[in-house]
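Now for the letters of each chain:
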Amino acid sequence: MKDSWFTTQKIDNKTYAISEYGHWEKVHSFLLIGEKKAALIDTGLGIDNIKRITDKLTHLPIEVITTHVHVDHIGSHQEFDKIYVHEGDKGWLINGIKGLSIEQIRKDINRDITLPTPQTFNPDTYRPFQGNPTGLLKDQDVINLGNRKLVIYHTPGHSPGHVSVYDTANGYLFTGDLLYDQTPIYAFYPSTNPVDLVNSLEKITNIKNVTMIFGSHNTLGLMPAILEEVKYAVEFLKEKKLVTFGTGIHKFKGFSIQF
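Now for a quick tour of the structure.

Rules and cut-offs
Residues numbered from 1 in each chain as written. Predicted model: local features only at pLDDT ≥ 70, side-chain atom pairs only at ≥ 80, totals over all residues. Heavy atoms only, no water. Pairing = 2+ DSSP bridges. Helix = DSSP H or I, 4+ residues; strand = E, 2+ residues; numbered from the N terminus. Axes fitted to C-alpha atoms, helices over the stretch in contact; angles between N-to-C directions. Left-handed = near helix turned anticlockwise from the far one by under 90°. Contact = heavy atoms within 4.5 Å. Nonpolar A, V, L, I, M, F, W, Y, C, P; charged D, E, K, R; others polar. Buried < 20%, exposed > 50% of the residue type's maximum accessible area, 1.4 Å probe, protein only. Salt bridge = Lys/Arg side-chain N within 4 Å of Asp/Glu carboxyl O.

### Here we look at the sheet that holds strand β15 (residues 255–258)
Thinking step 1. Read across the sheet, three strands follow the order β12-β15-β14 without closing on themselves; strand pairing throughout is mixed. Two strands in the sheet have a free side with no partner beyond their single neighbour: β12 (185–186) and β14 (249–252).
Thinking step 2. The pairing of β14 with β15 spans four bridges and is antiparallel. Bridging from a neighbouring strand, Ile-249 pairs with Gln-258 of β15.

Given below as structure tokens:
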């Protein structure tokens, strides 16, 4: 599917990545289609309207699962009727992201853009979505799309209410900003928690039958073998007492973490 801003990539017949490669964050959102409804994991940057793409991919009702409330994951939330978020990030969704000024948000959204942006995008007036969620997500919640079940894992650290999503039908694990490659996983802002992040990384290594990992940035699709390296990283960071603010960037095979 050709589009001026979004790149749509087919993972399988019922799963699509909708990516924004024209922006430095190289963010991915994911559309998972069941028999009765579909789930959209995050809604991108909001530079362009992601609903234009999802409308072409499914006519089923769409529910938005928010991995976490950062600007690049809630950009088109206002386009959807049903939005879900974990309790830990609910306040950020309603009141704005803690510790982040609108000036900084606008500066970040407008830098290092390599594709033409739509006329509707104005960085000087850009404002992240704020509003009440339809409902709250909890650890081990199961969302049934009809012949396709998604299990919610509360994986805080990058944000208090960060969640990962496990698609039991296919073994896909959607890790949001908990695990991706190429650029560091961030837990150095005051609003992050290094201890929680490492515990969350350990938590996802215990999920059984993972066939592919889809982080929200950079390479689309990581092999499950990376979870073995994650186990090693967790042990190493704890043993060396590095799980604290200010210890810098820690590099492992296939990913890195910044505290």
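### Here we look at the packing of helix α4 (residues 194–204) against helix α5 (residues 226–239)
Thinking step 1. It is the contact of α4 with α5, at a shortest axis distance of 9 Å, that shows an interaxial angle of 145°. As α4 packs across α5, the resulting crossing turns out to be left-handed. For the pair α4 and α5, contact is made by Val-198, Asn-199, Leu-201, Glu-202 and Ile-204 and by Leu-227, Val-230, Val-234, Leu-237 and Lys-238, respectively.
Thinking step 2. Classifying every residue of the contact of α4 with α5 by side-chain character gives seven nonpolar, one polar and two charged.

### Describing the pairing of strand β6 (residues 82–86)
Thinking step 1. Most of β6 is tucked away, with four of its five residues classed as buried.
Thinking step 2. As paired elements, strand β5 (residues 62–65) and β6 share three bridges and run parallel to each other. Paired with Val-64 across the strands is Ile-83, a residue of β6.
Thinking step 3. Pairing of β6 with strand β7 (residues 135–137), which is carried by three bridges, proceeds in the parallel orientation. By the bridge assignment for β7, His-86 is matched with Leu-137.

### Section: the pattern of salt bridges
Thinking step 1. Enumeration over the complete set of coordinates arrives at eleven salt bridges.
Thinking step 2. In this structure, the salt-bridge partner of Lys-138 is Asp-141, at a minimum N-O distance of 3.7 Å.
Thinking step 3. Close ionic contact of Asp-139 with Lys-203 constitutes a salt bridge, the shortest N to O distance being 2.9 Å. Linking Asp-139 in the loop between β7 and β8 (142–144) with Lys-203 in helix α4, this pair joins segments that are 64 residues apart in sequence.
Thinking step 4. A relative accessible area of 29% means that Lys-203 is categorised as partly exposed.
Thinking step 5. One salt-bridge network, in which partners are shared between bridges, spans Asp-3, Asp-48 and Arg-52.

None of the figures reported here should be taken as evidence of function without further support.
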